[in-house]
Amino acid sequence: MRTTAAASFASLFLLVTACSGESSETVQSAPPVTSKPAVTTLKVEQVTAGLEHGWDVGFLPDGKILVTQRPGKLALVDGGTKRDVAADFSDVLVRGEGGLMGMVISKDFATSREFITCQTHKEGDNAVDIRLVTWRLSDDGASATKVKDLLTGLPVNPSGRHSGCRPTFGADGALLVGTGDTARPQHPQDRTSLGGKVLRVDAKTGNPLPDNPFISSANPNEQRVFTYGHRNVQGVTVRPGTGQVFTAEHGPTIDDEVNMERAGANYGWDPSKGGTETSYDEGVPMTDKQRFPDAVSPLWTTGEITEAICGAEFLTGSQWGTLEGSLAVTALKGQKLLLFRLDETGKVTEVTLPPEFDDKFGRLRAVRSGPDGALYITTSEGKDDKLLRVTPGA
C-alpha cells in the first residue's frame, strides 16, 4: 500500500529520534546560523523517457550519460536524445530482481573507454552466478564489447531474488560492491561467500586489496570482504571529503536500513539463526544484537514500515545551499526521495521527504550525482521509465 507524504514523514521523524538517541525537542530545534542560502524546493526535469527499469547511471567525459536497464539493455543519453547501445547481453539472466544492474564508469575512461557492470549470468537456461564485467564503449558510442569477466562467483538465486548489486568507487579508488544474499540463509554470515556483503576489490583486476580487513585469510572470497551480515545492499556511496562509506539496504517487511560501513564489521543479518535453520527465516532482526553483540547498529531504519530504499548519493556543490552534504536515498515501494542530514560522525539528525517526489514518478531506483552537481534519478516502473534531473528550486 502506498504511504502518503504526511504519514511517512511522521513515521520517519519518530525513527530519526529513536535511532539518534536524541529527544524530539533536540531534533526540532532551530537550524544553526549559516551563510548558505536556504533551499526548500526542488526542480525536477525529465532528461529522457523510453527506458525499461533503468538500474544505474554513469557520466562520460563528453557529457553523455550511460544507463543500464535490467532487461539487458544499455542506453546512451545525449541531451534529451536516447539511443540504444549494441552489446551482447544474451548471457544475462533476466529474472525477478536479476538482470543488468549496477554500473561504474572506469576512472581512466577517457583513454580506455571502459566501464564495469554487475549482472546475473546464465549458461543456456541455467543460472550460474552474479558477476562484474568490464566493457569497452566504441568511439562513436554505438556499441560496447566485452573486455573480460572482472569478478565471477557471486551467488545467484535462479529466481533472481536479492541479486544486489551496486558498484561504487571509494575515495581511494577501490571498487566497493554492495551485494545481496540471494535469499540463502547461510550467505550473510559466511565470509567465504560473496553474497550479503560489501566487497572491496581492485577495479582493474577484481583482486582483493592488500589493506582489506580479512586479507590474511586463506580464502580468496573472504579476502575481498569489506563488511558482512547484509541482506540486500542496493545503494553504496562515499561522503565527500571524509571517505565514509554509506549504504542503503532492503529489510524484509520492516527495517530498511541506512548504514555507515566499518571495515571488517558484521551488520547482523542472519536468517540461518547461527546455522541452525536451513530455510530462509526472515523473522530474525535485521541487526541481531542478541546473537551478535558487536554487530553495527543502523544509522537509521524505517521501523515498522517499509520503503524499499535503493540508491544512495550525496548532494554536492554550493548550489544546494543548506542541503549541501545531505544524503539522498531513493525508494521503490514508497515511491519517494528521502533526504538525510548527518552530523560529522555520520549520525542522522533529520529526515525530510521532498513533496516534489511523493508518489509522483513511481518507483525510484538509481540516484547519482552528475558532474554538474545535479542529481540524476531513474524510475523503475518497467514501461516508459524516465531519467530525471534534480536541481535546487527557484
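All of these numbers come straight from a predicted model, not from anything done at the bench.

Procedures and definitions
Here the residue index of a chain counts from 1 through its sequence in written order. Whole-chain, interface and lining totals are the exception, using all residues; otherwise, since this is a predicted model, local features are given only for residues with pLDDT of at least 70 and side-chain atom pairs are given and counted only at 80 or more. Note that the side-chain values use all heavy atoms of the structure and ignore hydrogens as well as water. Under the DSSP-based scheme used, a helix requires at least four consecutive residues in state H or I and a strand at least two consecutive residues in state E, with every element numbered from the N terminus. Only C-alpha atoms enter the radius of gyration, while the globule expectation follows 2.2 Å times N to the 0.38, with N the number of residues. Whether a residue is buried, partly exposed or exposed follows from its accessible area with a 1.4 Å probe, protein chains only, as a fraction of its type maximum: under 20%, in between, or over 50%, in that order. The contact definition used throughout considers only heavy atoms, calling two residues in contact when any of these lie within 4.5 Å. For every accessible area listed, the method is Shrake-Rupley and the probe measures 1.4 Å; residues are considered covered only by the protein chains on display. Positive charges come from Lys and Arg alone, negative charges from Asp and Glu alone, with His and the N- and C-terminal ends not counted. Note that the charge is assigned to NZ on lysines, CZ on arginines, CG on aspartates and CD on glutamates. We call a pair of cysteine sulfur atoms a disulfide when they lie within 2.5 Å. Only protein atoms enter the 1 Å grid, on which a cavity is a set of points fitting a 1.4 Å probe that cannot get out and a pocket is an open set with protein on both sides within 12 Å along at least 5 of 7 lines, lining residues being those with an atom within 4 Å of a point. Grid points are joined across faces, edges and corners, and a volume is the space filled by probe spheres set on the points. Residue polarity follows a fixed list, in which Ala, Val, Leu, Ile, Met, Phe, Trp, Tyr, Cys and Pro are nonpolar, Asp, Glu, Lys and Arg are charged, and the others, Gly among them, are polar. Here, a strand pair is defined by DSSP locating no fewer than two bridges between the strands. Note on method: axes are straight lines fitted to C-alpha atoms, helices fitted across the in-contact stretch only, with angles between N-to-C directions ranging 0 to 180 degrees. When a carboxyl oxygen of Asp or Glu lies within 4 Å of a side-chain nitrogen of Lys or Arg, that pair is called a salt bridge. UniProt positions are given in the numbering used here, feature names are shortened, and annotations may be inferred rather than shown by experiment. By nonpolar core we mean a set of buried residues, namely Ala, Val, Leu, Ile, Met, Phe, Trp, Tyr and Cys, connected to one another through side-chain atoms within 4.5 Å.

### With respect to the overall build of the protein chain
Counting its regular elements, the protein chain contains 4 helices and 24 strands. In summary, the protein chain has a C-alpha radius of gyration of 20 Å against a globular reference of 21 Å for 394 residues, a match within 12%. Projected onto its principal axes, the C-alpha positions of the protein chain cover 60 × 55 × 40 Å. Expressed as a percentage of the 394 residues in the protein chain, the buried residues total 58%. Taking contacts inside the protein chain between residues at least 6 apart in sequence as the whole, the part at least 24 apart equals 59%. Taken as a whole, the protein chain presents about 15400 Å² of accessible surface, with 50% of it coming from carbon and sulfur. In the protein chain, 41 side chains carry a positive charge and 50 a negative one; their mean positions are 3 Å apart.

### A look at the state of the cysteines
Applying the stated criterion across every chain yields a total of 1 disulfide. A disulfide bridge connects Cys-118 with Cys-165, and the sulfur atoms are separated by 1.9 Å. Because the sign of the S-S torsion sets the handedness, a value of about 85 degrees for the bond joining Cys-118 and Cys-165 places this disulfide among the right-handed ones. With Cys-118 in strand β7 (residues 114-123) and Cys-165 in the loop between β9 (144-154) and β10 (166-169), this pair connects stretches of sequence that are 47 residues apart. The pair Cys-118 / Cys-165 is uniform in exposure class, with both members buried. Of all cysteine sulfurs, the one in Cys-165 lies closest to Cys-310, which takes part in no disulfide; the gap is 12 Å. By relative accessible area, Cys-310 is classed as buried at 0%.

### A word on the environment of Ser-112
Inspection of the secondary structure assignment puts Ser-112 in helix α3 (residues 109-112). Looking at Ser-112, the relative accessible area reads 12%, which means it is buried. On a C-alpha basis, the gap between Ser-112 and Asn-266 in space is 36 Å, while along the polypeptide they are 154 residues apart. Excluding anything up to four places from it in sequence, Ser-112 contacts Ser-106, Arg-136 and Lys-204.

### Some thoughts on the layout of surface pockets
Put simply, the second largest pocket is a space of about 590 Å³. In terms of lining residues, the second largest pocket is bounded by 28 residues, among which Lys-107, Phe-169, Glu-313, Arg-368 and Ser-369 are the most central. At the level of elements, β2 (54-59), β6 (100-105), α3, β10, β14 (233-238), β18 (309-314) and β22 (364-369) are the ones that each hand at least two residues to the lining of the second largest pocket. Of the residues that constitute the lining of the second largest pocket, the class distribution is 16 nonpolar, 8 polar and 4 charged.

### Observations concerning the sheet that holds strand β21 (residues 348-352)
Reading across the sheet, the 4 strands line up as β18-β19-β20-β21 and stay open at both edges, with antiparallel pairing between neighbours. The sheet is open, and its two borders are formed by β18 and β21, each paired with just one other strand. This sheet shows a mean twist of 25 degrees between the axes of neighbouring strands, independent of strand direction. Relative to strand β20 (residues 337-342), strand β19 (residues 327-331) runs antiparallel, the two being bridged by 4 bridges. Opposite Leu-327, over in β20, you have Phe-340 as the bridge partner.

### Details of the pattern of salt bridges
Tallying each qualifying case throughout the model produces 27 salt bridges. Bridged by salt links that share partners, the residues Lys-43, Glu-45, Asp-372 and Arg-389 form one connected network.

### Observations regarding the environment of Ala-248
Positionally, Ala-248 belongs in strand β15 (residues 245-249). Expressed as a C-alpha distance, the spacing of Ala-248 and Leu-339, which sit 91 residues apart in the sequence, is 12 Å. The contacts of Ala-248, once residues within four sequence positions are left out, are Asn-232, Val-233, Gln-234, Gly-235, Glu-257, Ile-309, Cys-310, Ala-312 and Val-329.

### Let's talk about the UniProt feature "domain: Glucose/Sorbosone dehydrogenase" (unreviewed entry) in the protein chain
Per the UniProt record, the feature "domain: Glucose/Sorbosone dehydrogenase" (unreviewed entry) sits at residues 51-388. In the segment residues 51-388, helix accounts for 2% and strand for 39%; the C-alpha atoms at its two ends are 11 Å apart.

### Observations concerning the pairing of strand β23 (residues 375-379)
In terms of burial, β23 is largely enclosed, as 5 of its 5 residues are buried. Residue alternation in β23 divides its side chains into two sets, Leu-375, Ile-377 and Thr-379 and Tyr-376 and Thr-378, and both sets are buried. Note that β22 and β23 share 4 bridges and pair antiparallel. Paired with Val-367 across the bridge in β23 is Ile-377. What sits between the antiparallel neighbours β22 and β23 is a turn of 5 residues, in which Gly-373 has the positive phi angle 85 degrees. Where β23 meets strand β24 (residues 385-392), 4 bridges bridge the pair, whose relative direction is antiparallel. Residue pairing in the sheet places Leu-375 in a bridge with Val-390 of β24.

### Remarks on the nonpolar core
Among the nonpolar cores identified, the biggest contains 23 residues, and Ile-116, Ile-130, Leu-132, Leu-175 and Leu-199 are the most heavily contacted of them. Excluding residues that lie within four positions of it along the chain, Leu-199 makes contacts with Leu-151, Leu-154, Leu-175, Leu-176, Val-177, Thr-179, Leu-194, Arg-224, Val-225 and Phe-226. By size, the runner-up hydrophobic cluster in this structure holds 18 residues, among which are Val-258, Val-329, Leu-338 and Leu-353.

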